[in-house]
Amino acid sequence: MAEKRKAEKEPPAWFDIAEENNTNMYVSDLPDDITEKEFEEMMSKCGLIMYDPATKKPKVKLYKDAEGKPKGDGLCSYIKIESVDLALKILDGSDLRGKTIHVQRAEFQMKGNFDPTKRKKKRSNREKRKQKLKQEKLFDWTPDEPTSSRPKHEKVVIIKHMFDPKEFEKDPLLINEIRDDVRSEASKFGDVRKIVVYDRHPEGVVSVTFREPEEADLCIEALNGRWFAQQQLDAVAWDGHTKYDIEETAEEKEARLKKWETFLESEGKKEEQDTKRKGDEVPHSEAKD
């Protein structure tokens, strides 16, 4: 039985491509000076062109003579059959630099006997799946980012001249007051996400991060040029690059910590003195007795 089935097996031969599966287009009467790039752009108006994994280029071809000059006809392979119908409606009979081009489904005429040794190397299933996924991805629709979308750094407002860094040497707690004052004022313009007081910056810089750039715009409009603590404020959108942190040396850090300890000690003594003074005070009712 096995020998009979083997004998009945037909030898390899040419075969025709069914019209409903034929996405190959033959184009004739093209201008003599047309380039492959121009031909590709023209054909792509009707759909996505198939990708050739062997050449790693779109499957378009201009037929040329022995001297390498275009003969006026070419071939294009689409991915979708719908592109074929569209090309027949739009491109067939259209004018290209004074020449009326003609578009039709490609018909391949096989010459000679089929030689299986000359056929292209068969691709593996993995390669076929990879190409199919690549083609399907071309048709995936992903919403474009709105053209009005603005950079994230425009959500950040940089306000200068909010303070004199020397003030914090006398009273470090002023940093919290500055932060609270800025938050209270900036909240009038939108959702404040973050506030940073660059307490060592010589220009007295504070950054305010809003939820939306438009909120930052309102803040800039309201605060720029405004006066605060006898200083005129400079409010601008952050450029996304400038750093306002001021690095301190080991000596500067040590000196700052000593000042902080001294400040805490003085605050502690003040509290003790206030408590003692209150304890020494005698109510008027007791004094009368």
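The structure under discussion appears in the preceding block.
So, how was this worked out
- Residues numbered from 1 in each chain as written.
- Predicted model: local features only at pLDDT ≥ 70, side-chain atom pairs only at ≥ 80, totals over all residues.
- Heavy atoms only, no water.
- Helix = DSSP H or I, 4+ residues; strand = E, 2+ residues; numbered from the N terminus.
- Expected span 1.5 Å × (residues − 1).
- Buried < 20%, exposed > 50% of the residue type's maximum accessible area, 1.4 Å probe, protein only.
- Arc of directions from axis to C-beta.
- Contact = heavy atoms within 4.5 Å.
- Pairing = 2+ DSSP bridges.
- Axes fitted to C-alpha atoms, helices over the stretch in contact; angles between N-to-C directions.
- Core = buried A, V, L, I, M, F, W, Y, C linked by side-chain atoms within 4.5 Å.
- Polar contact = N/O pair within 3.5 Å; in protein donor to acceptor, adjacent residues only side chain to side chain.

Draft legend 1. Quick peek at helix H6 (residues 174-186). With 13 residues, H6 extends 18 Å between its outermost C-alpha atoms, agreeing within 8% with the 18 Å of an ideal straight helix rising 1.5 Å per residue. Within the sequence span of H6, burial applies to Ile 175, Ile 178, Val 182, Glu 185 and Ala 186. Down the axis of H6, the buried side of the element spans an arc of 105°, and every buried residue falls inside it. At its buried positions, H6 is contacted by helix H5 (165-170), strand E10 (192-198), strand E11 (205-210), helix H7 (213-223) and strand E12 (227-228).

Draft legend 2. Inspection of unusual backbone geometry at higher detail. For Asp 29, which is not a glycine, the phi torsion comes out positive at approximately 60°. Residue position: Asp 29 is located in the loop between strand E1 (24-28) and helix H2 (36-43). For Lys 56, which is not a glycine, the phi torsion comes out positive at approximately 60°. In this structure, Lys 56 sits in the loop between strand E2 (51-52) and strand E3 (57-58).

Draft legend 3. Just the sheet that holds E10, in detail. The sheet built from four strands is open, its strands ordered E10-E11-E9-E14 with antiparallel pairing. Looking at which strands have only one partner, the edges of the open sheet turn out to be E10 and strand E14 (234-237). Neighbour-to-neighbour, the strand axes of the sheet open up by a mean angle of 20°, direction not taken into account. Relative to E11, E10 runs antiparallel, the two sharing six bridges. Counterpart to Lys 194 in the pairing with E11 is Thr 209. Packing of H6 onto the sheet brings it into contact with E10 and E11, and relative to E10 it is tilted by some 145°.

Draft legend 4. Focus on the pairing of strand E9 (residues 156-160). In terms of residue burial, E9 counts as a mostly covered element, since five of its five residues are buried. Here E9 shows two buried faces, one formed by Val 156, Ile 158 and Lys 160 and the other by Val 157 and Ile 159. Examined bridge by bridge, E9 and E14 share four bridges and lie antiparallel to one another. Along E14, the bridge assignment pairs Ile 159 with Ala 235.

Draft legend 5. Representation of the environment of Trp 227. Locating Trp 227 in the fold gives a position in strand E12. The class for Trp 227 is exposed, based on a relative accessible area of 57%. Considering only alpha carbons, one finds Trp 227 and His 161, 66 residues apart in sequence, at a separation of 9.4 Å.

Draft legend 6. Looking closely at the environment of Tyr 198. Structurally, Tyr 198 can be placed in strand E10. Tyr 198 sits 48 residues away from Ile 246 along the chain, and the two C-alpha atoms are 7.8 Å apart.

Draft legend 7. Local environment of the nonpolar core. With 22 residues, the main nonpolar core has Val 157, Ile 159, Met 162, Ile 178, Val 206, Val 208 and Phe 210 as its most contacted residues. Looking at this core, the elements with two or more residues in it are E9, H6, E10, E11 and H7. Apart from the residues within four sequence positions on either side, Val 157 is in contact with Val 206, Ser 207, Val 208, Phe 210, Ala 216, Cys 219, Ile 220, Ala 235 and Val 236. Leu 30, Ile 34, Met 42 and Val 84 belong to the second-largest nonpolar core, a separate cluster that totals 19 residues.

Draft legend 8. Quick look at the side chain of His 201. Among the structural elements, His 201 can be located in the loop between E10 and E11. Exposure remark for His 201: the relative accessible area of 9% places this residue in the buried category. There is a polar contact of 3.1 Å between the side chain of His 201 and the backbone nitrogen of Glu 203. Excluding residues within four positions of it along the chain, His 201 makes contact with Phe 163, Pro 165, Tyr 244 and Ile 246.

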